[in-house]
Amino acid sequence: MVDTKRKEDCCGCRACEAACPAGAITMREDEKGFLYPSIDPDLCTRCGLCDKVCAFCEAYPADGAVRQALAVKARDEAVRRSSSSGGMFTLLSDQVLKQGGAVYGAAFADDWSVVHRRAETPEEREALKRSKYVQSDMEGIYRQVREDLRAGREVLFAGTPCQVAALRSFLGEKNTEKLLTADLVCHGVPNNRMWKESVAAVERANRCRVTAVNFRDKSLGWHQNRVSMTTVPAKKWLDGEQSYFNLFVRNYILRPSCHHCVFANVKRPGDLTLADFWGIERTMPEFDDNIGTSLVLVNSEKGTRAMEALQGLVEMKQTDLSSCMQGQMQKPGPTNSLSEATWADYEKHGMEYIMRKYTNFTRFKLLRYKVKRRIRYILGLPIS
Ligand SMILES: Cc1cc2nc3c(=O)[nH]c(=O)nc-3n(C[C@H](O)[C@H](O)[C@H](O)COP(=O)(O)OP(=O)(O)OC[C@H]3O[C@@H](n4cnc5c(N)ncnc54)[C@H](O)[C@@H]3O)c2cc1C
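Each chain carries its own residue numbering, running from 1 in the direction its sequence is written. Selection of residues for local features in this predicted model requires a pLDDT of at least 70, selection of side-chain atom pairs for listing and counting requires 80 or more, and totals for whole chains, interfaces and linings are taken over all residues. To get the side-chain values, all heavy atoms of the structure are used, and hydrogens and water are removed first.

1. Here we look at the sheet that holds strand β4 (residues 102-108)
Inclusion rule: The pairing criterion is simple: DSSP has to find at least two bridges between the two strands. The numbering of helices and of strands both runs from the N terminus, where a helix is a DSSP run of H or I of at least 4 residues and a strand a run of E of at least 2. For helices, the axis comes from a line fit to the C-alpha atoms of the stretch in contact; other axes are also lines fit to C-alpha atoms, and the angle between any two N-to-C directions lies between 0 and 180 degrees.
Judged by pairing direction, the sheet is mixed, and its eight strands sit side by side in the order β5-β4-β6-β7-β10-β11-β3-β12 without closing on themselves. In this open sheet, the two edge strands, each paired with only one partner strand, are β5 (114-119) and β12 (314-319). Direction aside, neighbouring strands of the sheet carry axes that sit 25 degrees apart on average. Both strand β6 (residues 155-159) and strand β7 (residues 179-184) contribute to a ladder of five bridges, which runs parallel. Paired with A158 across the bridge in β7 is A182.

2. Section: the site of the ligand
Spelled out, the test is: Whether a residue is near a molecule or strand depends on its heavy atoms: it is near if one of them lies within 4 Å of it. Here a polar contact is taken to be a pair of N or O atoms separated by no more than 3.5 Å, where protein atoms must pair a possible hydrogen donor with a possible acceptor and residues adjacent in sequence count only if both atoms sit in side chains. Using a 1.4 Å probe, accessible areas were evaluated by the Shrake-Rupley method; residue-level cover was limited to the displayed protein chains. Residues are grouped as follows: Ala, Val, Leu, Ile, Met, Phe, Trp, Tyr, Cys and Pro are nonpolar; Asp, Glu, Lys and Arg are charged; all remaining types, including Gly, are polar.
The full set close to the ligand counts 36 residues, and S84, S85, S131, K132 and V134 are the nearest of them. At 2.7 Å from a nitrogen atom of the ligand is found a main-chain nitrogen or oxygen belonging to V134. Its free accessible area being 890 Å², the ligand has 98% of it covered by the protein chains. Elements represented by at least two residues in the shell around the ligand include exactly α4 (88-98), β4, β6 and β10 (272-276). Residues belonging to the shell around the ligand are distributed by class as follows: 14 nonpolar, 17 polar and five charged.

3. A short note on helix α7 (residues 161-171)
To keep things clear, this is the line we draw: Here the term buried applies to any residue with accessible area under 20% of the maximum for its type, exposed to any over 50%, and partly exposed to those in between, with areas from a 1.4 Å probe on protein chains only.
Judged by how many residues are buried, α7 sits mostly within the fold: ten of eleven residues are covered. Inspection of α7 places P161, C162, Q163, V164, A165, A166, L167, R168, F170 and L171 among the buried residues, and these make up the whole buried set. Immediately beyond the C-terminal end of α7, within one or two residues, lies G172, with a positive phi of roughly 70 degrees.

4. What to know about the domain arrangement of the protein chain
Defined as follows: What counts as a domain boundary in this text is fixed by an automatic or database domain assignment. Whether two residues touch is decided by their heavy atoms; if any such pair falls within 4.5 Å, the residues are in contact. Buried area counts how much accessible surface, traced with a 1.4 Å probe, disappears from two parts once they are put together, with both parts' losses summed. For this document, the term salt bridge refers to a Lys or Arg side-chain nitrogen within 4 Å of an Asp or Glu carboxyl oxygen.
Split into domains, the protein chain comes out as domain 1 (7-53), domain 2 (68-189 + 255-329) and domain 3 (192-253 + 337-378). Distance from the C-alpha centre of domain 2 to the C-alpha centre of domain 3: 26 Å. Taken together, the contacts link 32 residues of domain 2 with 22 residues of domain 3. Interface of domain 2 and domain 3: buried area, both sides summed, is about 2300 Å²; carbon and sulfur atoms make up 56% of it. Per-residue buried area on domain 2 facing domain 3 is highest for W112, Y133 and H187; these three make up 33% of the total on that side. Taken together, the links from domain 2 to domain 3 amount to two salt bridges. Here R216 makes a salt bridge to D276, at a shortest N to O gap of 2.9 Å. In this assembly, domain 2 and domain 3 are joined by 20 residue pairs in polar contact (both at pLDDT 80 or more).

5. A short note on the packing of helix α6 (residues 141-150) against α7
What counts is decided by this rule: Any angle between 65 and 115 degrees counts as roughly perpendicular, while under 35 counts as roughly parallel, over 145 as roughly antiparallel, and the rest as oblique. Take the far helix as your reference; a near helix turned counterclockwise from it by less than a right angle gives a left-handed crossing, and one turned clockwise gives a right-handed crossing.
Their axes nearest at 10 Å, the elements α6 and α7 cross at an angle of 55 degrees. When the axes of α6 and α7 are compared, the pair comes out oblique. Viewed along their axes, α6 and α7 form a crossing whose handedness is right-handed. Across the interface between the two elements, Y142, R143, V145, R146 and L149 from α6 touch Q163, A166, L167, F170 and L171 from α7. Considered class by class, the residues forming the contact of α6 with α7 number seven nonpolar, one polar and two charged.

Structural data, given as structure tokens:
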């Protein structure tokens, strides 16, 4: 029976729930909003399948060492502008869709939850583009992928490494010849409850309705990590627009298992690994144009073939792992030193409170922070 006591040992991927033949596992939110399996002892037959399918351990399915590390940019600039980095997901999914296949990735639902979803057309695929820095819900997805593969369709599945490893573990080896997987180098994930509460906080503070969110707005350049929200009525400045992202990126609100992630290394579970090629302006300045470059790790024969099929559609340059290494490819990120206090505040007062207390929520606070940073930079003092 899958052990649900140690939170850091569960990544919330839902593979155990999907695999349970007795329907004995349901996912329940804890006090912070993260999903964990709950087992009905009356239904459980102790078959052990939930344990077997759990891929959040050192023995997760992966093919071996990274074969190639590449800097890649879609030649079509519009593709890159509408993607997080170099537009790799769009190009890979185009290939699969052209062959009548199905593509899986993460999209916003109507209530702003982030959910994994299936697309069969380029129009449906649009919603799956771009990173959403929230744990996407995999409910129903494992079985859907299995059905597609059993029907002989090509499938591209993109997701965090825990989701890719979970899918591979759920499927086993059977009927997987037409499955191409792409895992993301992953900073970690907060949860849907916190994300939705943060959207509501922005709406309340600015008296508007959020109609679109872009976690990777490139209008000021790709090197600027900037979130933008579109609202009704339209507003030029939104209090709290960057707050959720700041809590995420500074490791205040990540899932406990993310700080113990077994995939934060270069033993990758996907045929391909997709990431932002951070630092390219230093390591390959001639390749960087500040519109976005993907780092692609090729991890299997299938991955090699998928990249060959993109010849002509991309600009590509080989690199070595040491020139593209980032923290999340070496070890899991640490918890923020204020994380415990943040969680205590969240449980007591809610999301808006921690957004206001731990981030620059208002225009004045943000401006003051930017001026202080600038002065410290000019004076050569350390910038916090
Ligand atoms: C939670 C998260 C953390 C990340 N952390 C890092 C990092 O630390 N370093 C780094 O280099 N890159 C990170 N990335 C990856 C990076 O942001 C880009 O996704 C990657 O460079 C691919 O971009 P692209 O231009 O090829 O395609 P895009 O069109 O931007 O493709 C994004 C792909 O990610 C999938 N996706 C989006 N949101 C989620 C989600 N919440 N869960 C699962 N899949 C999702 C989409 O369906 C799509 O397949 C992270 C991505 C996510 C989702």
